[in-house]
Amino acid sequence: MIPARFDYDVAESADHAVELLAAGGGEAKLLAGGHSLIPALKLRIVRPSKLVDIGRLSDLAYVKDGGTHIAIGALTRHADVASDRLLAEHCPIVSYTAAQIGDPPVRHRGTMGGTLSHGDPASDMPAVMLALNADLVARGTGGERVIPAADFFTGVFETALAADEVLVEARVPKLGASTGWAYVKANRRAQDWATVGVAALVHRDDGKVAGASIGLVNMGATPLRARSAEDALAAAASIADAAALVTQGTDPPSDHAGSSEYRAHLAQVITRRALEQAVAE
């Protein structure tokens, strides 16, 4: 199909992008890698009055040591996140997950900011940000603000970003030696969206599991934390018993990839595998 008519502007900086968005009156959309937006335009699922191209803003493509955290620029390509040594050393679940996104063409065009701002509950990285308790930095006409990942995803393809805001950075914590991690997903083909995905962080104390953070992919309208399973692990439950609780508070969809009942069962299986990997990590 052919997209509806729209105007096209190229932003010269992040601040210029904010100005262009504000001038769009809430009807403008940002274009970075375009792997999600362009298909939606073709299907006329979205009909923005203006596209603001930020794909050339090299100052938003970086991975930096922020002291207690690692800062990832919003225009950092997935392939660069996957191969970054700083992330591999301090927060390897992020670099590992980036390497699982789509296929090589997607990873070389898609960006960290794009996959988060799109707000797709079937995307890999949002659940990882949720499990990490990451902070997301937005810039708008009122300046910058830091949004916890727990507050960022508000609905299917919806986020806490205002119409004039640009996501400029993601900040992920440095994981210590006592934290194990895993990201496990099930999909029909390598490049498909996850039918179900689980990001798991396990915190150990004196060789025992002292707590866990579990992020779920495609188990509701947003990425979700599996709070009941986390609480069970903190109370010394077995991995199998904790995994059995993972679907509490979820609303898995039914689609061509499987029924909600199938997803619920798959989530329990994938969670058990992810937790076992994280403990062994």
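Scroll up for the structure.
One structure accompanies this document, and this report is about it. (Residues numbered from 1 in each chain as written. Predicted model: local features only at pLDDT ≥ 70, side-chain atom pairs only at ≥ 80, totals over all residues. Heavy atoms only, no water.)

### Notes on the overall build of the chain
Stated precisely, the cut-off is as follows: Comment: elements are numbered from the N terminus, with helices defined as DSSP H or I runs of at least four residues and strands as E runs of at least two. The reference for a compact globule is 2.2 Å times residues^0.38; the radius of gyration itself is calculated from the C-alpha atoms. The cut-offs for exposure are 20% and 50% of the maximum accessible area for each residue type, with area from a 1.4 Å probe on protein chains only; residues under the lower value are buried, those over the upper are exposed, and the others partly exposed. Between two residues, a contact is recorded if the distance between any of their heavy atoms is within 4.5 Å. Methods summary: accessible areas were calculated by the Shrake-Rupley approach with a probe of 1.4 Å, and residue burial reflects only the protein chains presented.
Counting secondary structure elements, the chain contains 12 helices and 14 strands. Over its C-alpha trace the chain gives a radius of gyration of 19 Å, about what one expects of a compact globule, namely 19 Å for 281 residues. Across its three principal axes, the chain shows a C-alpha extent of roughly 55 × 45 × 35 Å. By the burial criterion, 52% of the 281 residues in the chain qualify as buried. For the chain, the share of sequence-separated contacts (at least 6 apart) that also reach a separation of at least 24 residues comes to 60%. Surface exposure of the chain reaches about 12700 Å², of which carbon and sulfur atoms provide 49%.

### Quick look at the pattern of salt bridges
Our working rule: Here, a salt bridge means any Lys or Arg side-chain nitrogen found within 4 Å of an Asp or Glu carboxyl oxygen.
One pass over the full model with this rule turns up 11 salt bridges. One salt bridge connects Glu230 with Arg227, and the closest N-O pair in it is separated by 3.6 Å. Within this pair, Glu230 and its partner Arg227 are both found in helix α10 (residues 227–234), separated by 3 residues, close to a single helical turn. Given a relative accessible area of 45%, Arg227 falls into the partly exposed group. The salt bridge involving Asp255 is made with Arg263; its shortest N-O contact spans 3.1 Å. Under the relative-accessibility criterion, Asp255 is labelled partly exposed at 35%. By relative accessible area, which is 1% here, Arg263 ends up buried. Beyond isolated ion pairs, a larger network of salt bridges with shared partners links Asp15, Arg139 and Glu144.

### Considerations on unusual backbone geometry
Of note, the phi angle at Asn133 is positive, near 55°, even though the residue is not glycine. Tracing the sequence through the fold places Asn133 in the loop between α8 (124–132) and β6 (135–140). The backbone of Ala236 sits at a positive phi, close to 75°, despite the residue not being glycine. Within the secondary structure, Ala236 sits in the loop between α10 and α11 (239–243).

### Topic: the packing of aromatic side chains
Remark: the centre distance and the inter-plane angle together describe each pair of aromatic rings, the angle taken between the planes. Applicable threshold: Any two rings among Phe, Tyr and Trp, with Trp reduced to its six-membered ring, count as a pair given centres within 6.5 Å; such a pair is stacked if its planes are under 30 degrees apart, edge-to-face if over 60, and tilted if neither. Only when the NZ atom of a Lys or the CZ atom of an Arg is both within 6 Å of the ring centre and within 35 degrees of the ring normal do we say a charge sits over the ring.
Within this structure, the stated rule accounts for 2 aromatic pairs. Taking the centre distance of 5.1 Å and the plane angle of 85° together, the rings of Phe152 and Phe153 count as edge-to-face. Accessibility classification places Phe152 together with Phe153 in one group, the buried group. Between Lys64 and the ring centre of Tyr62, over which it is positioned, the NZ or CZ distance is 4.4 Å.

### Considerations on the sheet that holds strand β5 (residues 69–73)
Rule in force here: Pairing between strands is defined by DSSP: at least two bridges between the two strands are required. Every axis in this analysis is a line fitted to C-alpha atoms, fitted for helices over the stretch in contact. Angles between the N-to-C directions lie between 0 and 180 degrees.
Read across the open sheet, the 5 strands follow the order β4-β5-β10-β6-β7; overall the sheet is antiparallel. Only two strands of the sheet have a single neighbouring strand rather than two, namely β4 (63–65) and β7 (143–148). Recorded for the sheet is a direction-independent mean angle of 25° between the axes of neighbouring strands. Pairing between β5 and strand β10 (residues 166–173): 5 bridges, direction antiparallel. Note on β10: the bridge partner recorded for Ala71 is Arg171.

### Quick word on the environment of Lys64
In this structure, Lys64 sits in strand β4. Overall, the relative accessible area of 47% leaves Lys64 in the partly exposed class. What Lys64 contacts, discounting residues up to four positions off in sequence, is His69, Ile70, Ala71 and Leu86.

Any link to function would need more than the numbers given here.
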